[in-house]
Amino acid sequence: MWWPPWLAACLAWAAGAGAESPAPLCASRGLCPAPPGANASQPGAGQCPRGAADLCAWALSSRSLLDPFPVDVIQENYVRNVRNCIFSVVYPTPFKSRIRLVAVSKEVLENILDLDISVKGTSDFLQFVSGGKVIFGSVPLAHRYGGHQFGSWAGQLGDGRAHLIGIYTNRNGERWELQLKGSGKTPYSRNGDGRAVLRSSVREFLCSEAMHYLGIPTSRAASLIVSDDDVWRDQFYDGNIRKERGAIVLRLAKSWFRIGSLEILAHAGELDLQRRLLDFIIQEHFPSIATDDSNRYLEFFSTVVSETADLIALWMSVGFAHGVCNTDNFSLVSITIDYGPFGFMDSYDPNFVPNTSDDERRYKIGNQANVGLFNLSKLLQALKPLLDPRQKQLASQILDRYGERYYSRFTELFKTKLGLLGENEDDNYLIAFLLKLMEDTKADFTMTFRQLSEITQDQLKELHIPEEFWALQDLGKHKLFSEWVSMYLLRLTRNEGDSDTKRRTRMTTVNPRYILRNWMAESAVQKAQLNDFSEVHLLQQILERPFQRQQAAEKAGYSLRPPPWARHLKVSCSS
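Residues numbered from 1 in each chain as written. Predicted model: local features only at pLDDT ≥ 70, side-chain atom pairs only at ≥ 80, totals over all residues. Heavy atoms only, no water.

**A few points about helix H13 (residues 445-454)**
Within H13, 10 of the 10 residues are buried, which leaves the element mostly enclosed by the surrounding structure. Backbone nitrogen of threonine 446 and a side-chain oxygen of the N-cap are separated by 3.3 Å at the start of H13; the cap is aspartate 444. (Buried < 20%, exposed > 50% of the residue type's maximum accessible area, 1.4 Å probe, protein only. Helix = DSSP H or I, 4+ residues; strand = E, 2+ residues; numbered from the N terminus. Polar contact = N/O pair within 3.5 Å; in protein donor to acceptor, adjacent residues only side chain to side chain.)

In structure tokens, the structure reads:
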């Protein structure tokens, strides 16, 4: 009989499971994955109909991540240095107290996970998304990775409070990896308790979905639950430790592999395992690269360089600062992951730093492109042992072109934000001129572009800025504003086949009216702490349509000037 290498760990856990361990969701199906040959993530006809309302008719699989790689040979769950594996088998730790469902993403449940929204009302669903029960076919895993944090090699990091609970392949053939965040300790928890608090979990849930609807490649969030378990945090690292509540987000991504996934193997000298992981990533996520191509690692690096440049340019186009751009937070499939002390700019400021833990301002918004280059250089360093001399030289040349790719994509995006069509040699200057005026006047980044999308050319020509366009009124205080307006209006006349109506329609589809500003997230968090989740739900609803004017959003003041107290808000790495 064939025995998969991870089965012993699974059976050992099942045999020793106690009251603190998750129970099987559907007991008749057992705890361990389906037998060899079964595809647990694609149940047979009638087993998982579209819009399944019963989790017992729904399944996950962990085999595609377990079969190709050796698994951590130590079965006990304690903090340690792990070697010669990609994953450790480790089960979530259920909360001890009452748990409550705060929010779900209907779009994720129905269009990605093939579940009917009614499933959210079931006890099985609540237990599943809180780590209290496991799905048939699931072998929960914690991923081993390393990373450069704030510019220095930090050694082994890994999933210290996250469990990859399985892969789901939906009716469209899309493969999604499901991960619980805040679900308990793993061998990678270091000095942590394996938990996440409600404060940070609300922010991650809302921002994951908000970024998706802004058109930014991102992980997704399916659900958010809160418990009454006490979790102690020193939020600003000032010695003021306070009690918060534990929470868990069920989040999804096509892949959770990151630059640090390869770095840890290179640093440990585990080159055979690194090669196997790279080949797996290419086969699963880079279909345009032939798996037998001798230059496949070079092609992989070239793709990651280009897509990372594109992603950061997209961040900049909506004023998003990630906050912790370490190599362990940079995805190999170039999506936004690991939402921590992020922030969207209010006033335009290239030195905007959302993370109060970033004392050296390394990850300020204006430095994100440079940090991307640094992270890619560390990826190349990890790949070099697998490249021959010619490939190393070519890879260095690819990295040298990163800046050009980033600048090209940045310019393209900002031209679109300004409604410019075609090519003009002065476009770069026009964009830079506007950004300088915004910086000098501290004009609101989001609403400046949005109000340029709504104001007519006649109003601009006359420098008649209605009161509702408050961001443009701020911009208009600059002595060079009229000069910029003249340049802009002249450039618009060169848009072939365009009209002012077409321009405004086009611009309002790319310049959001609503973003997840820190003050909005903080307001929702403060209410959630009191078990009032109304603003979480309101924000979720509004941010699903960020480009459309919405009465509820206007009533809530989400397009108005941020309140004065917003300037004093702080977020940190403590979550």
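What follows continues from the structure just given.
**With respect to the nonpolar core**
One finds Phe300, Trp484 and Tyr488 to be the most contacted residues of the largest nonpolar core, which totals 133 residues. Among the elements that line this core, the one with the most residues is helix H8 (residues 296-317), at 13 residues. Contact partners of phenylalanine 300, with chain neighbours within four places excluded, come to Leu262, Leu278, Ile281, Ile282, Phe286, Ile289, Leu332 and Leu383. (Core = buried A, V, L, I, M, F, W, Y, C linked by side-chain atoms within 4.5 Å. Contact = heavy atoms within 4.5 Å.)

**Examining the packing of aromatic side chains**
As enumerated under the stated definition, the model contains 23 aromatic pairs in all. Both rings, one in tryptophan 519 and one in tryptophan 565, keep their centres 6.2 Å apart while their planes meet at 90°; by these two values the pair is edge-to-face. Of this pair, tryptophan 519 sits in helix H18 (residues 518-528) while tryptophan 565 sits in the segment after helix H20 (551-556); the two residues are 46 residues apart in sequence, bridging distant segments of the chain. For tryptophan 565, a relative accessible area of 41% corresponds to the partly exposed category. Three or more aromatic residues joined by ring pairs make a cluster, and in this case those are Trp315, Phe320, Phe330, Tyr339, Phe342 and Phe344. Sitting above the plane of the phenylalanine 342 ring, arginine 203 keeps its charged end 4.1 Å from the centroid. Over the aromatic face of tyrosine 213 sits the side chain of arginine 220, whose NZ or CZ is 5.9 Å from the ring centroid. (Phe/Tyr/Trp six-rings, centres within 6.5 Å; stacked < 30°, edge-to-face > 60°. Lys NZ or Arg CZ within 6 Å of the ring centre and 35° of its normal.)

**Structural notes on helix H12 (residues 427-441)**
In this model, H12 (15 residues) spans 21 Å end to end at C-alpha, consistent with the 21 Å of a helix rising 1.5 Å per residue. Summarising the contacts, the buried residues of H12 are in contact with helix H11 (402-417), H13, helix H15 (470-475) and helix H16 (481-492). A positive backbone phi angle near 55° is found at lysine 442, which sits one or two residues after H12. (Expected span 1.5 Å × (residues − 1).)

**Details of the pattern of salt bridges**
Inspection of the entire model under this criterion finds 40 salt bridges. As a salt-bridge pair, lysine 436 and aspartate 440 come within 3.2 Å of each other at their nearest N and O atoms. Taken together, the residues lysine 436 and aspartate 440, both in helix H12 and 4 residues apart, mark about one turn of the helix. Taking the relative accessible area as the measure of exposure, lysine 436 reaches 43% and is therefore partly exposed. (Salt bridge = Lys/Arg side-chain N within 4 Å of Asp/Glu carboxyl O.)

**Some thoughts on the side chain of asparagine 518**
If you trace the backbone, asparagine 518 turns up in helix H18. Those residues within four positions of asparagine 518 in sequence are excluded, and the remaining contacts are Arg203, Phe342, Gly343 and Leu569.

That's the geometry; what it means functionally is another story.
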